[in-house]
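# Report on the structure
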Amino acid sequence: MRPHVPTLDDTQLLDALRAGDPTAAAALHDRVQPVVDRTVARLLGRRDVDHEDLSQLALIEIVYGIDLFRGECSLDSWCSAISAHVVYKHIRRRQIERRIFEMGDGLDDAPSARSDGRDLSIRSTMRRVHTHLATIEENKAWTYLLHDVFGYDLREIAKITGVTMAAAQTRLTRGRRELHERIAADPELAPMLEAEGEPS
Amino acid sequence: MSIPRYTQLATKALAKAHPRVAASTPSPEARERSIAAIKNAIRAKAQRRTRARWWTGLGAAAGVAAAAAVMILSLPRTASNGTASVAPPLPPSSAVAVFPGAPASTAADIVAHAAGNHASIESAGDRSVANGQTMPRGSRLVTGAGGHATLTFSTGTELTLDDTGDLTLVEEGLTQIVALGGGRLRAQVAKLGASQRFMVRTTDAEIEVRGTVFRVRSAPSDPSCGAGTPTRVAVEEGTVIVRQAGKEAVLHAGDTWPEGCAIAATAKPNAPATVLATTVTPSTTQAADPAASPGAGASASTLAEQNDSFASAVAAKTSGDAPGAIARFDAFLAKYPGSPLAESATVQRMHLLAPLDRKTAREAAEGYLAAYPNGLARAEARSILSDAP
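Residues numbered from 1 in each chain as written. Chains lettered and ligands numbered in written order. Predicted model: local features only at pLDDT ≥ 70, side-chain atom pairs only at ≥ 80, totals over all residues. Heavy atoms only, no water.

### Here we look at the pattern of salt bridges
Condition: In what follows, salt bridge is the name for a side-chain nitrogen of Lys or Arg lying within 4 Å of a carboxyl oxygen of Asp or Glu. Numbered from the N terminus, helices here are DSSP runs of H or I no shorter than four residues, and strands are runs of E no shorter than two. Each residue gets one of three labels from its accessible area relative to the maximum for its type: buried under 20%, exposed over 50%, partly exposed in between, using a 1.4 Å probe on protein chains only.
Scanning the model with the defined rule gives 19 salt bridges over all chains in all. In this structure, D10 of chain A and R31 of chain A form a salt bridge, with 2.7 Å as the shortest nitrogen-oxygen distance. Of this pair, D10 of chain A sits in helix 1 (residues 10-18) while R31 of chain A sits in helix 2 (residues 25-44), and the two are 21 residues apart along the sequence. Accessibility expressed as a relative area gives 27% for D10 of chain A, which makes it partly exposed. Here E206 of chain B makes a salt bridge to R201 of chain B, at a shortest N to O gap of 3.1 Å. A relative accessible area of 16% means that E206 of chain B is categorised as buried. Shared partners join several salt bridges into a network, and the residues in it are R201, E206, E208 and R243 of chain B.

### Things to note about the packing of helix 9 (residues 165-184) of chain A against helix 1 (residues 5-17) of chain B
Put simply, the test is: In this analysis, axes come from line fits to C-alpha atoms, helices being fitted only over the stretch in contact, and the angle between any two N-to-C directions falls in the range 0 to 180 degrees. An angle below 35 degrees is read as roughly parallel, one above 145 as roughly antiparallel, one from 65 to 115 as roughly perpendicular, and any other as oblique. We call two residues in contact when some of their heavy atoms are within 4.5 Å. Only Asp, Glu, Lys and Arg are considered charged, only Ala, Val, Leu, Ile, Met, Phe, Trp, Tyr, Cys and Pro nonpolar, and every remaining residue, Gly among them, polar.
Orientation of helix 9 of chain A relative to helix 1 of chain B, taken along the N-to-C sense of each, is 95°, at an axis distance of 7 Å. Relative to helix 1 of chain B, helix 9 of chain A is oriented roughly perpendicular. On helix 1 of chain B, the residues that touch R176, L179, H180, I183 and A184 of chain A of helix 9 of chain A are R5, Y6, T7 and A10 of chain B. Of the residues that constitute the contact of helix 9 of chain A with helix 1 of chain B, the class distribution is five nonpolar, two polar and two charged.

### A short note on the confidence of the model for chain A
Residue and element names in this part refer to chain A. How we decide: Each residue carries a pLDDT score, the predictor's confidence in it, ranging from 0 to 100.
Per-residue pLDDT for chain A averages 81, and the proportion of residues at 70 or more is 80%. Per-element confidence in chain A is highest for helix 9, whose mean pLDDT is 94, and lowest for helix 5 (residues 105-109), whose mean pLDDT is 42. Contacts from residues 96-115, a stretch scored under 50 in pLDDT, to residues over four places away or in other chains number 52 contacts.

### What to know about the environment of P136 of chain B
When you line up the elements, P136 of chain B lands in the loop between strand 3 (121-122) and strand 4 (140-143). In this structure the C-alpha to C-alpha distance between P136 of chain B and E172 of chain B, which are 36 residues apart in sequence, comes to 8.4 Å.

### Some thoughts on helix 3 (residues 51-65) of chain A
An α-helical segment advances 3.6 residues per turn. Residues three or four places apart therefore align on the same side. Spelled out, the test is: Take the number of residues in a helix, subtract one, and multiply by 1.5 Å to get its expected span.
Under the 1.5 Å per step criterion, the end-to-end length of helix 3 of chain A is 21 Å for 15 residues, consistent within 8% with the ideal 21 Å. The buried fraction of helix 3 of chain A is high, at 13 of 15 residues.

### Focus on unusual backbone geometry
P258 of chain B follows W257 of chain B through a cis peptide bond whose omega is -10°. Tracing the sequence through the fold places P258 of chain B in the loop between strand 16 (256-257) and helix 4 (294-318).

The structure is reproduced here in structure tokens:
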């Protein structure tokens, strides 16, 4: 099934949305659905039962917040941050923060390096990393993941998590330090990570 | 700013587990659903803007008119037995917004969002509320098994009604009141003005909040808990006042009401182990979850109780109440010694004790190493033991 091609460019689309034109709905969907879908899938996992629900909620949030988009970043980046915020609120709401640390969809989506023993080793390493992440205070763990793993900048993370940039920076620094300390204190995990390779 | 080494290594490993993924193309049906939701959101936003301009134009007179509308059109309190609505029992996997016979008042700035396939908003009588549309006062939102819905208020307050929930919008305007007839509600209440109020009513209690995050739930009556009240409240942030039987209790972040009562959860298909406090009235006529067997239901309920108890302890820790958190972890471990969360609770307790009570922390560390000789926190436990007593 081929994706629909939006019929309006970004400027026309934004103008139509701000004017309250409901006929812009299809154009908005076709323009931003891919980035919304990718963001939700990456943060929650493709096979999460709430994927479609959250994607739809993110689209609605984009409509309600479109007046706040000032072009300070690309529309894709802005929509990605809105989607991440929806996922973040959902996870906090459901107190399933440990799902992000579970081994289900994330690893299933990951490309397989080698079969059998190598995969088992990678999974074991990831499981232990996730376990340590789960012992870190949720806000710090999330900030670290959003920044270092998922690539959001501090301004976006502040918006996603509802704090100031300074608070996001503090959480990131502390989250990184605590994760390092926990792994360093794990005599089995530290060598496993060393064996996985040098940091990029 | 340099990144600690093991964090860099962990990041590299985690990036493999969470790779960038390609977008999937939605089915035509899913696309149409999403477009319909977007259209409704666009219309609702335009309506809200129009109303905002109208109120601004009227100025002080609009404020007086709104107060008068609240007094004149104030609806009777929703019946406490949860059967006031005329809606028939619902089939699973559906959500219905039901409107009483009274004509709709000025549309409330309260927008309903029902999530995807697990909940749908259907019409009752001659009125319908589609996803993204405003809900007038007196309307009722009911979610079936597996569904949930969000109500967004113009004040910034957001309510989330989980599956098998029953919520009636009793009042809107300066005083906003919702009645929880069944199910589980999470309320994130925005900071209100001096003349504004927000309340949740259950069958036997009224919970008033001002700028906070809390959960309300009804559980089966237990004579040993709060003299048999079916209401349970847990506060995440801010302050909540609970009024019941002529008494008033003030709850702060991390507090639950009644104090010391377990908050059982309704089993939800595909739900994660951790759940939130909810309210389920004893008189609810919601159909039992067909996917749940008696055995599965019992273990899911116990696991949910464990998660609620654990989450309450973590909330106390997060709010800076270390002694309170320690007490909660103690209670958790006493009640659920074999829980999957027992090791985590033991580690958390050990961490909290270390700066407060070295002797007890050492005992905790010894106990941890005895119970979990290969546990992930064994290095920390040994470190506590190696410190001078």
